[in-house]
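Here's the letter readout for the chains.
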Amino acid sequence: GLVDGEVPGVVNDFGVTWNGQRVAFGVGNPDTTIFSANQSLNAWHYVAATRISATGLMAIYVDGNLAASGVGPIGTRTSPSNLKVGALQSLVTYFNGSLDEVRLYNVARSSIQILADYQADTLAAHAIGAAYSVLYSNDAGVNWTYVSTANVTLEGGNGDTSARILQADNIHVVTSTGPGAAT
């Protein structure tokens, strides 16, 4: 499970999990589950699931893009007394990977908000050798940040060039209002 609120029986529960190579999002009463297409394994993915209580509209987003949608039951899903992050409620199956920045909202985020969150997510850098510098923006190119260090290599990432958090020793950060215009 990624975030699981499963409760035994036919009740108003919900959960999001990694199912083989797919993301699954399900709600109960009656049980309704939607699945993304297969995703690459051993790679970083940004996953979001939304549900509109009044209409039952459910959606899964992977890496900022709509990956699946469907309609489930309407109404709130408040049966779970607690949520498990990184495991199913049964504690029998655990997520085999890393979870970062788990966020829960009391509203369904729009596709534009989800894409913006994906583009603003982080990329870690670790001090292991060669000199490195990067120019990045976390606000669609309005402001830019230049980061350099003598000991860093980037790992992972979501493939775009926006918003990265560079974690390294002895870094130098310069912010600007555009590429090449330091402030």
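Structure: above.
Here the structure is a predicted model, which is why all the values come from computation and not from measurement.

1. Concerning the nonpolar core
Right, on to step 1. Residues L2, V16, W18, V23, F25, V27, I34, M58, I60, V62 and A68 constitute the largest nonpolar core, which totals 11 residues.
Right, on to step 2. Those elements that place two or more of their residues in this core are β2 (14–19), β3 (22–27) and β6 (57–62).
Right, on to step 3. Residues contacting W18, with those up to four places away along its chain left out, are L2, V23, Q39, S40, L41, H45 and F95.
Right, on to step 4. Among the nonpolar cores identified, the runner-up in size contains 6 residues, and Y46, A48, I114 and Y118 belong to it.

2. Considerations on the pattern of salt bridges
Right, on to step 1. Here the structure, examined in full by the defined rule, presents 2 salt bridges.
Right, on to step 2. In this structure, D117 and R103 form a salt bridge, with 3.9 Å as the shortest nitrogen-oxygen distance. Of this pair, D117 sits in helix α1 (residues 111–119) while R103 sits in the loop between β8 (84–85) and α1; the two residues are 14 residues apart in sequence, bridging distant segments of the chain.
Right, on to step 3. Accessibility expressed as a relative area gives 17% for D117, which makes it buried.
Right, on to step 4. Classification of R103 by relative accessible area gives partly exposed; the value is 40%.
Right, on to step 5. A salt bridge links D117 to R109, with the shortest nitrogen-to-oxygen separation between them at 2.6 Å. Just as D117 is buried, R109 falls in that class too.
Right, on to step 6. The network of salt bridges with shared partners includes R103, R109 and D117.

Definitions and cut-offs
Residues numbered from 1 in each chain as written. Predicted model: local features only at pLDDT ≥ 70, side-chain atom pairs only at ≥ 80, totals over all residues. Heavy atoms only, no water. Core = buried A, V, L, I, M, F, W, Y, C linked by side-chain atoms within 4.5 Å. Buried < 20%, exposed > 50% of the residue type's maximum accessible area, 1.4 Å probe, protein only. Helix = DSSP H or I, 4+ residues; strand = E, 2+ residues; numbered from the N terminus. Contact = heavy atoms within 4.5 Å. Salt bridge = Lys/Arg side-chain N within 4 Å of Asp/Glu carboxyl O.

Nothing here speaks to function; it is geometry throughout.
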